[in-house]
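The primary structure of each chain is shown beneath.
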Number of protein chains: 2
Amino acid sequence: MPSDWSNDGRGAGRAAGRDLFVAPDVTGGRQAGLERALREAIRSGRLSAATRLPSSRALAADLGWARGTVAGAYGQLVAEGWLSARAGAGTVVAADQRRAAGSPPPAEAPAPRAPRYDLRAGNPDVGSFPRAAWAAALRRVLRDAPDEALRLGDPRGRLELRRALAAYLGRARGVAAAPERIVVCSGFTQALGLLAAVTSGAVAMEDPCLAVHREVVRAAGLPIVPLPVDEGGARVEHADGAAAAVVTPAHQVALGHTLAPERRARLVEWARATGGVVLEDDYDGEFRYDRQPVGALQALAPEHVAYAGTASKALAPALRLAWLVLPERLVEPVVEAKRLADHASPALEQLALADFVESGELDRHLRRARARYRRRRDALLTALAERAPAVEVLGIAAGLHVTLALPPGAPPEAEIRAAAAQRALALTGLARFWHDPAGRPPHLLLGYATPPDHAFAGAVERLASLLGDLMPAASRGS
Amino acid sequence: MPSDWSNDGRGAGRAAGRDLFVAPDVTGGRQAGLERALREAIRSGRLSAATRLPSSRALAADLGWARGTVAGAYGQLVAEGWLSARAGAGTVVAADQRRAAGSPPPAEAPAPRAPRYDLRAGNPDVGSFPRAAWAAALRRVLRDAPDEALRLGDPRGRLELRRALAAYLGRARGVAAAPERIVVCSGFTQALGLLAAVTSGAVAMEDPCLAVHREVVRAAGLPIVPLPVDEGGARVEHADGAAAAVVTPAHQVALGHTLAPERRARLVEWARATGGVVLEDDYDGEFRYDRQPVGALQALAPEHVAYAGTASKALAPALRLAWLVLPERLVEPVVEAKRLADHASPALEQLALADFVESGELDRHLRRARARYRRRRDALLTALAERAPAVEVLGIAAGLHVTLALPPGAPPEAEIRAAAAQRALALTGLARFWHDPAGRPPHLLLGYATPPDHAFAGAVERLASLLGDLMPAASRGS
């Protein structure tokens, strides 16, 4: 294994006290037994190339042997080429001495190369993640957190974070939240899974929606009722008969519409009348570019709507930090489901997020990001208006993506995406979002937050040029 | 909400750009509309006490209003006592102005006070968590990790960590591991849940074992077959008919025995013959106090044994970092179950652990911890031998706890624990570990790693004195 992973020049000479599992058969003598055991461990791949062994002194102490016995075995294996000894680097398994008796484990394929121009939907600009501020928050957490925070904690999550979120969600998103109604979880995926785990009956889901969300609900054994989506958002009247309805009111996850006020009211009525649960996925709720933000649906009926938010767009998806604000009757069953899923989410990053929220760092980051994404959106809309005017652009008021409804005569999504790939441009089609993609007109989801700053203009240019080439002649720029 | 959470003196004067969701009805004028909306938000508890509002300039800009309109509304609400304005601290919701129209959300009960002397099993000494080294690893990660690490990643976990773990587990635990066979997950709880999700049929589980592990298996809809435990560990012949068997070979989770060599062989034969899966919970595998560590069972049959390890004892349970090393046929289904559970575990702490392992920091920490825990164990055994010689002490060779088998005539566990609580001493009984606790003789699990260093001697003294008082007269110290 090449030791290509940041070592900061440490390691050399500091590896004396390393654990080595070795159980030599000493019937022919200790040194010979140790040599055989090490040869076999290297041959089988258990000790991989470049693995540093403990010093002969340390291993001898662990085995209760004389140091010379271990040093003799190491010397013999160095002479045979199994090990190599470098001054200051200790004794390591030699790079070319892995002679697998069986088949060696296949080298893992390298991750697919990131496309040069990436307008796929679903990620914020991770290049603007506030690394230094997050590191500082983690440093404060590790300095100040009580020891108790390092133990197995409350399945609901750290109280510090739940308090900070209750205040933040009330202020910034209009959510009626209290710390004891909040369960911190690992991304919206887990939030949905926990809700599904406590639901009996069909789940109404927007059509289109994220395919993985349907898979989560299906994996819980629940049937799905599609909710068609139009310019007023989900057509909630189709939820009749379902036990739960999952909606993205702020910015419909695929088409970008905002759920209309009368549909919000109707959905809440449905929940009140039937005892059904609404799961509000506050997708992109933080990113609204016109003046009036849309408040959370949850505030209309906190006892019927479970609110879900995440740090995935506001900060980074890799944090896997999300939160549910629950109706009282769901708190206990969801907490129990969380406890059986993974006991609780990791504590230190919860505390870092609490620090981030309380210090106002999250607000500052969001306001900077909002201004930057708005500029990107405007640049994208300008380019589309000039270069592909026949394309209808949906969902521009909020979120990190817009959706293109392609004109009649446009090629199918797969063909457009393949042509884009030829130009080093990655795009998201809508096909996988539909419950049944057959016969759906082609759409593209353009995640304008995805590229790093330096690649954004290039990505827009590639896209405009691609659409100019691919759209039917009649619909090209006027 | 008292702002008691570490602010480092930041905040004041930096809160100008904070998001505030407010949707005033302006039919009677903007200022009056804003005043009504803010009063209602405070009255309902949505804006909680001590919440800082944006500056009048920032809110005016967000609303597209003149600053004076917002400043006028703020001034009026300060005069009415809803808000308070302090030089340098901005405008905050006044502490005593929360007049809930409905019932206010109940204040969350404070966490139960930690017992003064804690010998409960299940936690390492979190007081010795290497905070500075972990913070340094996180700082390096945040400095060096590629942006791609902040996006949604491979459900198997970060390749850097899987590489580091493959080398480490091979070297230190004798596991036959390759990065592509590893799935990083959130604690052993999730590891077990993922295995259960891909299992059809009964699961053989040690009796006694952790109650929560039975609950996880039951929640997956699988029946449980108890495996009785004796001094040779689990009696694996009882697994016949099961589809999977969960065992703790290194240190039986409740009674502390090591799985005997002939039982290891027999369990592997069972798996080979029936196609059953063995889940090896390498519980306390890092903490062995005699000279010969016991290698992982997995190495005997990597295509039949799934190996599970965690950072919970080696570092801290709150990290929720665990790993499965899987037979090839289970990799794809388990990865899919992980993807649907929470997509992937959080990335930054995975990278920090990779750094920790590669730099040898984990080995150093473990070797220091092992020496310290061994001294604690010895002190505990000495005290028990002197003060409660009739008590049989099990599982002393490894792990972070010993188990006391109490002599005939001892009071029931619940009584002993209640008497201990009177002396500010917390103990773990074995009752909840049994599949059926009825008629089981009383045992105590003593987690000698749990207390901080300064409380350890006191805890042992309380325990010895308690046992001296409670054990039947005939069995007290000779």
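Predicted model only: the values in this text are computed from it and were never measured.

A. Inspection of helix α3 (residues 67-80) of chain A at higher detail. Residue and element names in this part refer to chain A. For α3, spanning 14 residues, the distance from its first C-alpha to its last is 20 Å, which sits close to the expected 20 Å at 1.5 Å a residue. What α3 keeps buried is the set Thr-69, Val-70, Ala-73, Tyr-74 and Leu-77. Angular distribution of buried residues about the axis of α3 spans 130°; they occupy a single face of the element. As for α3, its buried residues are in contact with α1 (30-43), α2 (56-63), β1 (83-86) and β2 (90-93). Among the residues trailing α3, Gly-81 stands out with phi positive, at a value near 90°.

B. Examining the packing of aromatic side chains more closely. All names here are of chain A. Enumeration according to the criterion identifies six aromatic pairs over all chains in this entry. Seen from their ring centres, Phe-129 and Trp-134 are 6.0 Å apart, and the 65° between their planes marks the pair as edge-to-face. Side by side, Phe-129 and Trp-134 carry an identical accessibility label, which is buried. A centroid spacing of 5.1 Å and a plane angle of 75° characterise the contact between Trp-134 and Phe-356, whose relative ring orientation is edge-to-face.

C. Region of interest: the side chain of Arg320(B). Along the chain, Arg320(B) falls in the loop between β10 (305-310) and β11 (322-325). If we skip the residues at most four places from it in the chain, Arg320(B) touches Leu152(A), Asp342(A), His343(A), Ala344(A), Ser345(A), Pro346(A), Cys185(B), Ser186(B), Gly187(B), Thr189(B) and Ser312(B).

D. Representation of the nonpolar core. In terms of nonpolar packing, the biggest core is built from 149 residues, with Trp134(A), Leu427(A), Trp134(B) and Leu427(B) touching the most fellow members. The residues touching Leu427(B), leaving out its near neighbours within four places in the chain, are Leu119(B), Arg120(B), Ile416(B), Arg417(B), Ala420(B), Leu444(B), Leu446(B), Leu463(B) and Leu466(B).

E. Summary view of the relation of the copies chain B and chain A. Superposition of chain B onto chain A requires a rotation of 180° combined with a translation of 0.0 Å along the rotation axis, giving an RMSD of 0.1 Å. Here the two chains are linked by the operation of a two-fold rotation axis. The share of interface residues of chain B whose copies in chain A are also at the interface is 100%, consistent with both copies meeting through the same surface.

F. Examining the interface of chain B and chain A more closely. Facing the 108 residues of chain B at the interface are 110 residues of chain A. For the pair chain B and chain A, the summed buried area comes to about 9,400 Å², and 50% of that belongs to carbon and sulfur atoms. Summed over the shared surface of chain B and chain A, the number is twelve salt bridges. As a salt-bridge pair, Arg131(B) and Asp147(A) come within 3.0 Å of each other at their nearest N and O atoms. In this structure, the connection of chain B to chain A is made through 36 residue pairs in polar contact (both at pLDDT 80 or more). Going through the elements one at a time, α2 (56-63), α4 (131-144), α5 (159-173), α6 (187-197), α7 (211-219), α9 (328-342), α10 (347-358) and α11 (361-387) of chain B are the ones with two or more residues in the side of chain B that touches chain A. Counting residues per element, the side of chain B that touches chain A draws most heavily on α4(B), which supplies ten residues. Split by residue class, the side of chain B that touches chain A holds 48 nonpolar, 21 polar and 39 charged.

G. Structural context of the sheet that holds strand β16 (residues 443-447) of chain B. Residues and elements named next belong to chain B. Strand order across the open sheet formed by four strands is β12-β13-β16-β15, with antiparallel pairing between neighbours. The outermost strands of the open sheet, each flanked by one partner alone, are β12 (392-394) and β15 (428-429). Looking at chain direction, β12 and strand β13 (residues 401-405) are connected through three bridges and run antiparallel. The residue bridging Val-393 from the neighbouring strand is Leu-404, located in β13. Along the sheet, α11 makes contact with β12, β13 and β16, crossing β13 at roughly 15°.

H. The arrangement of the pairing of β1(A) in detail. Residues and elements named next belong to chain A. Sheet analysis places β1 next to β2, joined by four bridges and oriented antiparallel. By the bridge assignment, Ser-84 is partnered in β2 with Val-92. With antiparallel pairing between neighbouring strands as the criterion, β1 and β2 make up a hairpin whose turn holds three residues, including Gly-88 at a positive phi of roughly 85°.

I. Quick peek at helix α7 (residues 211-219) of chain A. Burial runs high along α7(A): seven of the nine residues are buried. Buried residues along α7(A) sit in contact with α6 (187-197), β5 (203-207), β6 (224-230) and β9 (277-281) of chain A together with α9 of chain B. Positioned one or two residues after α7(A), Gly221(A) has a phi angle of 85°, which is positive.

J. Spotlight on the sheet that holds strand β15 (residues 428-429) of chain A. Residue and element names in this part refer to chain A. One open sheet holds the four strands; their spatial order is β12-β13-β16-β15, and the pairing between them is antiparallel. Among the strands making up the open sheet, the edge pair consists of β12 (392-394) and β15. Inspection of the sheet shows strand β13 (residues 401-405) paired to strand β16 (residues 443-447) by five bridges, in the antiparallel sense. The partner of Val-402 across the bridge, within β16, is Leu-446. Strand contacts of helix α11 (residues 361-387): β12, β13 and β16, with the helix running at about 15° to β13, the strand carrying the most contacts.

K. Representation of the pairing of β10(B) in the model. All names here are of chain B. Most of β10 is tucked away, with six of its six residues classed as buried. Every second residue of β10 is oriented toward a common face, with Val-305, Tyr-307 and Gly-309 on one face and Ala-306, Ala-308 and Thr-310 on the other, all of them buried. Bridge count for strand β9 (residues 277-281) against β10 is four bridges, and the pairing is parallel. Across the sheet, residue Asp-281 finds its bridge partner in β10, namely Ala-308. Where β10 and β11 come together, four bridges link them in antiparallel fashion. Pairing of Ala-308 across the sheet is with Leu-324, part of β11.

Calculation rules
- Residues numbered from 1 in each chain as written.
- Chains lettered and ligands numbered in written order.
- Predicted model: local features only at pLDDT ≥ 70, side-chain atom pairs only at ≥ 80, totals over all residues.
- Heavy atoms only, no water.
- Helix = DSSP H or I, 4+ residues; strand = E, 2+ residues; numbered from the N terminus.
- Expected span 1.5 Å × (residues − 1).
- Buried < 20%, exposed > 50% of the residue type's maximum accessible area, 1.4 Å probe, protein only.
- Arc of directions from axis to C-beta.
- Contact = heavy atoms within 4.5 Å.
- Phe/Tyr/Trp six-rings, centres within 6.5 Å; stacked < 30°, edge-to-face > 60°.
- Core = buried A, V, L, I, M, F, W, Y, C linked by side-chain atoms within 4.5 Å.
- Least-squares fit on C-alpha atoms with pLDDT ≥ 70 in both.
- Buried area = accessible area lost by both parts, 1.4 Å probe.
- Salt bridge = Lys/Arg side-chain N within 4 Å of Asp/Glu carboxyl O.
- Polar contact = N/O pair within 3.5 Å; in protein donor to acceptor, adjacent residues only side chain to side chain.
- Nonpolar A, V, L, I, M, F, W, Y, C, P; charged D, E, K, R; others polar.
- Pairing = 2+ DSSP bridges.
- Axes fitted to C-alpha atoms, helices over the stretch in contact; angles between N-to-C directions.

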